Amino acid sequence: MLDIRFDNVTIIDGTGKPGFLGSVGVRDGRILEVGSFEGRAKETLDASGLCLMPGIVDNHTHYDAQVTWDPYCNPSPLLGVTTLVMGNCGFTIAPCHPSDRDITMRNLTQVEGMSIDALKEGIDWSFETFPQYLDMLEAKGVGPNVCCFVGHSSVRTYVLREDAATRAATPEEVKQMRAVVVEAMEAGACGFATTRYPGHNGEHGIPMPSRLADDAEMLTLSGALKDVGRGILMMTKSFDMPISTIEKLCAEANRPYIIAALLHSHLDPNKTFADLSEIKAAQSRGNRLYGAVSPCPLNMDFSFHSPYPLEGFACWHPMMDLSIEAYKEALADPAFRKAFMDELNSGEVKVFSGEWDKVYVAQVASTANISLEGKSIADLSEVSQKAPFDFMLDLALEENLDTMFTATIMNSDEDAVGKMMCDENAIISLSDAGAHLTFLCDAGFGLHVLGHWARDKRIMPLEKAVHKLTLEPAKLFGIKNRGYIGPGAWADLLLFDPKVVGRGPSHRLHDLPAGASRLTTPSVGVHGVWINGHKVADGDGLVNGALLSGQVIREYADAH
Ligand SMILES: [Zn+2]
């Protein structure tokens with residue numbers, strides 16, 4: 001007898017072929033039959049009018065810390081994600097010497113917008129090495145299926161200790177790092193991830209350790225995957241880093257390489273397309289480069305306590321190491337304000353591009369200012385007759401830096417974003433789920449693709465959108481028997497109403513350890529999410545108590 005059968009459902013199987021009406025039967029966590037077949041089930045669902053697709057594979061998340069206290073990785077499974085890849089950009093928590101825990105947490109606080117109190121109270125440190133981390137996750141159980149990158153910054157800190165963020169490595173240290181990467185790959189890492197992006201800083205603006213790596217270190221560590229013969233490489237690059245630099249690393253390792261973050265900026269509207277055409281040229285030379293593009297406008301909520309969108313500016317850098325008093329003085333200083341505006345107007349692409357009509361006052365700290373909420377800095381600056389940056393800083397200073405702003409900082413040109421998503425070498429990515437918790441929540445990126453892009457904007461057929469969210473990333477990462485609906489595949493399934501599917505507006509919850517806050521997003525049109533044959537969520541949230549039906553994925557297909 002089957003465990004579940006879905007009847008009268010439109011099956012969109014992940015391969016990209018047209019959807020078809022039929023039934024799907026599940027037994028022992030796997031899909032047994034698809035199409036038209038006999039056989040009773042313990043549970044039969046008449047899913048008329050709904051679509052059934054493989055669960056979404058989210059290839060860019062940062063749940064490495066959160067998963068140790070919240071094995072469900074909220075809110076991703078509620079938003080249709082059944083498999084997620086952690087450790088992107090190389091921001092992992094393993095390996096980690098016990099005495100380096102504090103610096104690891106402090107780095108995450110800054111770069112990932114995670115509360116230090118939440119990390120201190122929340123992280124389970126019952127591991128030191130990367131293999132022990134995977135063992136721990138497996139022993140504790142996970143909600144979704146998880147794949148883990150071994151992260152460059154953690155590997156570097158593990159070997160160079162307190163020097164990790166200050167200097168180049170010696171050849172001997174590079175050799176040791178390579179051994180740590182190989183050990184992690186042999187234990188079941190899905191690949192090696194790093195960042196070179198100047199906006200990625202730890203506490204006090206200290207660069208994330210991987211940014212200190214020289215060419216020899218980059219080549220040697222990427223090349224470790226050649227020895228192992230499998231795995232994927234990923235890097236978040238600086239906006240001006242040429243694709244050819246990454247192509248060399250890709251060629252050395254002879255492994256696929258995901259390049260993040262291809263976000264569209266109105267300051268240089270052709271840049272992402274130039275990168276994509278270089279990626280195409282590299283592909284034609286046999287070097288498997290892929291561009292990670294986001295289907296979401298990059299919206300960020302921030303205050304001037306930690307204004308992540310501005311931290312990529314060179315002039316902001318010294319600000320991050322100041323005492324709070326000196327920092328406030330600097331914010332008030334006309335010379336600093338001028339330096340910032342000069343850098344902003346230099347034409348160089350940065351995360352924040354000065355579109356003041358897309359920066360809003362989200363929440364004021366003082367009731368006297370309540371009338372400012374929901375208004376744009378552009379409009380308020382006109383009324384106040386102050387320059388936009390002056391208006392914003394004056395307001396923040398008046399409110400002891402507690403004012404919350406929200407800004408659409410990149411990817412706001414929908415025509416451009418749609419075109420990027422359709423590029424043959426683009427992978428749909430960059431949800432950043434689990435990170436920037438106080439700034440944004442794009443964990444519902446997949447539902448946004450299905451509703452906004454496929455149904456409303458019609459940039460691609462629904463079947464193609466499903467393929468790009470499921471089988472395409474599963475294949476790229478070598479994740480076996482997932483990402484499609486077919487006999488033998490794991491029963492990772494998303495049942496949804498194609499007429500209304502999408503993501504709702506984000507809102508703030510205070511449910512992290514130590515009462516810290518995070519933004520979250522509700523699903524729209526989701527009727528059920530199953531992971532390895534177990535229903536874990538419906539449209540209202542998690543179901544079945546604390547059932548942990550996910551797997552820590554440690555075995556991957558070699559050749560792809
Ligand atoms: Zn990231």
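Fair warning: this is a prediction, and the values are worked out from it, not measured in the lab. (Residues numbered from 1 in each chain as written. Predicted model: local features only at pLDDT ≥ 70, side-chain atom pairs only at ≥ 80, totals over all residues. Heavy atoms only, no water.)

K.L.:
I'd like a description of the coordination of the zinc ion, backed by residues and values.
P.N.:
Taken together, the protein donors to the zinc ion comprise H60 (NE2), H62 (NE2) and D432 (OD), at separations of 2.1 to 2.3 Å. Taken in sequence order, the residues that donate to the zinc ion follow the motif H-x1-H-x369-D. Of this pair, H62 sits in the loop between β6 (56–58) and β7 (81–86) while D432 sits in the loop between β16 (426–428) and α14 (445–456), and the two are 370 residues apart along the sequence. We classify H62 as buried; its relative accessible area is 2%. (Donors = N, O, S within 2.8 Å, 3.2 Å for Na, K, Ca; no water. Helix = DSSP H or I, 4+ residues; strand = E, 2+ residues; numbered from the N terminus. Buried < 20%, exposed > 50% of the residue type's maximum accessible area, 1.4 Å probe, protein only.)

K.L.:
Before we move on, can you summarise the pattern of salt bridges with the specific residues and values?
P.N.:
Applying the stated criterion across every chain yields a total of 30 salt bridges. One salt bridge in this structure joins D3 and K42, with 3.0 Å as the shortest N-O distance. Pair noted here: D3 is in strand β1 (residues 2–11) and K42 is in strand β4 (residues 41–46), with a separation of 39 residues, a long-range link. Here D3 falls in the buried class, since its relative accessible area comes to 19%. K386 is paired through a salt bridge with D394; the nearest N and O atoms lie 2.9 Å apart. It is possible to trace a salt-bridge network through shared partners that takes in R337, K386, D390 and D394. (Salt bridge = Lys/Arg side-chain N within 4 Å of Asp/Glu carboxyl O.)

K.L.:
Explain the nonpolar core to me, and be specific about the residues and the numbers.
P.N.:
Proteins that are soluble and globular tend to have nonpolar side chains buried together. Membership of the largest hydrophobic core comes to 107 residues, with the highest contact counts inside it found for Y133, L137, V181, Y257, L289, L450 and L494. With seven residues, helix α5 (residues 171–187) is the largest single contributor of residues to this core. Ignoring anything within four residues of it in the chain, the contact list for Y257 reads T194, L233, M234, M235, I246, L249, C250, R288, L289 and Y290. Among the nonpolar cores identified, the runner-up in size contains 63 residues, and Y290, L310, M319 and L430 belong to it. (Core = buried A, V, L, I, M, F, W, Y, C linked by side-chain atoms within 4.5 Å. Contact = heavy atoms within 4.5 Å.)

K.L.:
Quick one: what's the story with the sheet that holds strand β12 (residues 289–293), residue by residue and with numbers?
P.N.:
One open sheet accounts for eight strands, arranged β6-β7-β8-β9-β10-β11-β12-β16; its pairing is parallel. Two strands in the sheet have a free side with no partner beyond their single neighbour: β6 and β16. Across the sheet, the mean angle separating the axes of adjacent strands is 25° when strand polarity is ignored. Relative to strand β8 (residues 145–151), β7 is paired through four bridges, and the arrangement is parallel. Looking across to β8, one finds that V85 is bridged to C147. (Pairing = 2+ DSSP bridges. Axes fitted to C-alpha atoms, helices over the stretch in contact; angles between N-to-C directions.)

K.L.:
Explain the packing of aromatic side chains to me, using residue names and the numbers behind them.
P.N.:
All told, the structure shown has 16 aromatic pairs when counted by the stated rule. Ring geometry for F340 and F389: centres 4.2 Å apart, planes at 15°, overall stacked. Here F340 is found in helix α10 (residues 334–344), whereas its partner F389 is found in helix α12 (residues 388–398), with 49 residues between them in sequence. Residue F340 shares its accessibility class with F389, and that shared class is buried. Site record: aromatic cluster; members linked through ring pairs are F302, F304, F313, W316, F336, F340, F352, W356, F389 and F405. Its end group placed over the ring of W490, R30 keeps NZ or CZ at 3.9 Å from the ring centre. We note K419 situated over the ring of F273; from NZ or CZ to the ring centre the distance is 4.5 Å. (Phe/Tyr/Trp six-rings, centres within 6.5 Å; stacked < 30°, edge-to-face > 60°. Lys NZ or Arg CZ within 6 Å of the ring centre and 35° of its normal.)

K.L.:
Before we move on, could you go through the side chain of E343 and cite the residues and values that matter?
P.N.:
In this structure, E343 sits in helix α10. Since its relative accessible area comes to 17%, E343 is described here as buried. Of the polar contacts made by the side chain of E343, one reaches the backbone nitrogen of A314; its length is 2.7 Å. Excluding anything up to four places from it in sequence, E343 contacts F313, A314, C315 and K350. (Polar contact = N/O pair within 3.5 Å; in protein donor to acceptor, adjacent residues only side chain to side chain.)

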